[in-house]
Protein chains: 2
Amino acid sequence: APMATVLDGKKIAELCRRDIAQAVSQLKEKHGRVPGLAVIIVGARPDSQTYVRLKKKAAEEVGMRNFESTLPETSTAQEVMNEIDKYNRDPDVHGILVQLPLPQHINEKKVLETISPDKDVDALHPSNIGRLFSKGYGTRFIPCTPKGIVEICDRTGIAIEGKNAVVLGRSDIVGLPAAKVLLDRNATVTICHSKTHDLAGIVRTADILVAAVGRAQMVKGDWIKPGAVVIDVGTNPVDDATKATGYRLVGDVDYEAAAQVAGFITPVPGGVGPMTIAMLLSNTIESFRWWMNDTEAS
Amino acid sequence: APMATVLDGKKIAELCRRDIAQAVSQLKEKHGRVPGLAVIIVGARPDSQTYVRLKKKAAEEVGMRNFESTLPETSTAQEVMNEIDKYNRDPDVHGILVQLPLPQHINEKKVLETISPDKDVDALHPSNIGRLFSKGYGTRFIPCTPKGIVEICDRTGIAIEGKNAVVLGRSDIVGLPAAKVLLDRNATVTICHSKTHDLAGIVRTADILVAAVGRAQMVKGDWIKPGAVVIDVGTNPVDDATKATGYRLVGDVDYEAAAQVAGFITPVPGGVGPMTIAMLLSNTIESFRWWMNDTEAS
Ligand SMILES: NC(=O)C1=CN([C@@H]2O[C@H](COP(=O)(O)OP(=O)(O)OC[C@H]3O[C@@H](n4cnc5c(N)ncnc54)[C@H](OP(=O)(O)O)[C@@H]3O)[C@@H](O)[C@H]2O)C=CC1
Ligand SMILES: NC(=O)C1=CN([C@@H]2O[C@H](COP(=O)(O)OP(=O)(O)OC[C@H]3O[C@@H](n4cnc5c(N)ncnc54)[C@H](OP(=O)(O)O)[C@@H]3O)[C@@H](O)[C@H]2O)C=CC1
């Protein structure tokens, strides 16, 4: 059977980061300063610490400035908001990211609303969501994971316009904005979720499938339309005694089976994940340009 | 052939307005004041004047207070914004509506952004759009036409959850928010537009069809799935020599043919149109309650 072309997110993300590094050095020459990214982490969840370390490392590697605030698990919402406010007022900071989830006792949305919409590189402020989901106001930031999905397609020469795209999941950070960015690229978009009937039948109509449900290998090989583009956002730990950690990560798609049918497929790990971090850097660059009033392309 | 049940929007809107009139009189008793709606019209487009007159009449009939500003076609954006600001600060005004379109020389979005998000009964402010298209921040206002569509279903006992809904059109005021409110009611939603391939084939999968394209009778009878719910938002003038005006209004759906196949269908006129105005009043009531800190249901 013909095997799908693997969409190597790790490699594509490397290319993105190389372009970004070049842009940073050009911007530094032009403006005498570099983009700055501030990351706030509250508490000590190991997965959050890993993500923050990866983001920090990526920012440093492309020559950005890095700001990090580590606040104790017991912090109040006000203490987190004070930290955000510090960065809101700091002219060396162009992107602010609060690592989620926040501890249970903190109202996440209340905190996110205090991030300056003009430094909101995760695009979670309501006014930035409103700008993304309407015309005319102008989109300010595109959420990183959906932006990474489109970037994978663009860098691989995969056309989106006129295609039937099916998005599994409707979350604030992946499903819903992914549907919107595909719609903006003129795909016909179907949004599915836990109440969808005949999921397999709908997935079979997809020229482009985005799976973001968080259920290990839920999408079966025979759900995939021959030649389809399969973007697997899911990152699910499953028990694996052969690993030192006792687990490994799998996607929402049964990769082995789907790769026999699909035209293109992202692996997990090494697919969408690395792109998400690269797009965070991309948003920070765009923000820097905006603050510098630098409208020059690329 | 069995004929579809006609979804009589005029009658359903009447029921809504009766409920709203009752709520207004109860709120008046309780708070010693009534909800107030301010409508701003710029210029003298006959269609806009008609809409404003209908909205004003509807507000008066349910016992609301009415504020109207008629500004000349030559007004500057600043003059319109000053008028908005007056109503933003007026405690007797709970809903502000700027009749669109504004004259060409005025930046519409800049004007809409000055409406207080807490009086934005048309739900066009970016922060209200953001609240609609995300979880957790809490939806502030639902745009009137999409809200009317769901109200028609609810008052007719049409279930939405688990159904396949197809929305034709992706505009800010109808298509996109209609898709979101149907998604919020757990429909599986497909969004189509001018770049969609095989529109007929996709429409044939719809248990619920919302047509909002603005093309007279584009949707043919044989595109309709037997028993489907057909919501026709389109309002298109077509030449008609038998009318005094020289035209009549038709929807985006070929009504005569579709009514032979559908389970339910909205006529044009007398379908979604009257509901849109009733929902404007409903949003104004909700706004009044919010300003009065009145969380009591109904
Ligand atoms: N690679 C990366 O960079 C990133 C990866 N992720 C991963 O992506 C996945 C999704 O994340 P996120 O969007 O935050 O998850 P959420 O839990 O917020 O959303 C999951 C969505 O999937 C839907 N869903 C759940 N079960 C089913 C089912 N059986 N059939 C159809 N739909 C279903 C839910 O439906 P309903 O709304 O009805 O509940 C919901 O809309 C996770 O595995 C996460 O780890 C997330 C972010 C970034
Ligand atoms: N009854 C009521 O209360 C109201 C009625 N209306 C009526 O609803 C209709 C739509 O209004 P509105 O949303 O403002 O219109 P817009 O013109 O803003 O949007 C029309 C949408 O239809 C899509 N479209 C156009 N042609 C086709 C085609 N051939 N096939 C598929 N899709 C197509 C467009 O696609 P693309 O994005 O690719 O251009 C666009 O998304 C109008 O007739 C309007 O008068 C509107 C508001 C309220």
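That block above? That's the structure.
About the criteria used
Residues numbered from 1 in each chain as written. Chains lettered and ligands numbered in written order. Predicted model: local features only at pLDDT ≥ 70, side-chain atom pairs only at ≥ 80, totals over all residues. Heavy atoms only, no water. Buried < 20%, exposed > 50% of the residue type's maximum accessible area, 1.4 Å probe, protein only. Helix = DSSP H or I, 4+ residues; strand = E, 2+ residues; numbered from the N terminus. Pairing = 2+ DSSP bridges. Axes fitted to C-alpha atoms, helices over the stretch in contact; angles between N-to-C directions. Parallel < 35°, antiparallel > 145°, perpendicular 65-115°, else oblique. Left-handed = near helix turned anticlockwise from the far one by under 90°. Contact = heavy atoms within 4.5 Å. Expected span 1.5 Å × (residues − 1). Buried area = accessible area lost by both parts, 1.4 Å probe. Salt bridge = Lys/Arg side-chain N within 4 Å of Asp/Glu carboxyl O. Polar contact = N/O pair within 3.5 Å; in protein donor to acceptor, adjacent residues only side chain to side chain. Nonpolar A, V, L, I, M, F, W, Y, C, P; charged D, E, K, R; others polar.

Caption draft 1: Representation of the pairing of strand 4 (residues 95-98) of chain B in the model. Residues and elements named next belong to chain B. Neither face of strand 4 is left uncovered, since the one carrying G95 and L97 and the one carrying I96 and V98 both have all their residues buried. Pairing of strand 2 (residues 36-42) with strand 4 involves 4 bridges; the strand directions are parallel. Looking across to strand 4, one finds that L37 is bridged to G95.

Caption draft 2: Up close: the packing of helix 2 (residues 46-61) of chain A against helix 10 (residues 272-291) of chain A. Residue and element names in this part refer to chain A. For the pair helix 2 and helix 10, interaxial distance at closest approach is 10 Å and the crossing angle is 50°. Taken together, the axis directions place helix 2 and helix 10 in an arrangement best described as oblique. Relative to helix 10, helix 2 is oriented so that their crossing is right-handed. Packed against helix 2, whose contacting residues are L54, K55, A58 and A59, the element helix 10 presents I277, L280 and L281 at the interface.

Caption draft 3: Expanded view of helix 1 (residues 9-31) of chain A. All names here are of chain A. In this model, helix 1 (23 residues) spans 31 Å end to end at C-alpha, consistent with the 33 Å of a helix rising 1.5 Å per residue. Regarding helix 1, the residues found buried are G9, I12, A13, C16, I20, A23, V24 and L27. Downstream of helix 1 by one or two residues, G32 has phi in the positive range, about 70°.

Caption draft 4: The arrangement of the interface of chain A and chain B in detail. Taken together, the contact between chain A and chain B spans 36 residues of the former and 36 residues of the latter. Buried area between chain A and chain B, summed over both chains or domains, comes out near 3,000 Å², and the portion from carbon and sulfur atoms is 56%. On the surface where chain A and chain B come into contact, there are 2 salt bridges. A salt bridge links A:R131 to B:E113, with the shortest nitrogen-to-oxygen separation between them at 2.9 Å. For the interface between chain A and chain B, the tally reads 23 residue pairs in polar contact (both at pLDDT 80 or more). Secondary structure elements with two or more residues in the side of chain A that touches chain B: helix 4 (108-112), helix 5 (126-132), helix 7 (175-184) and strand 6 (188-192) of chain A. For the side of chain A that touches chain B, the class distribution of residues is 13 nonpolar, 14 polar and 9 charged. Across 3 bridges, the pairing between strand 6 of chain A and strand 6 (residues 188-192) of chain B is antiparallel.

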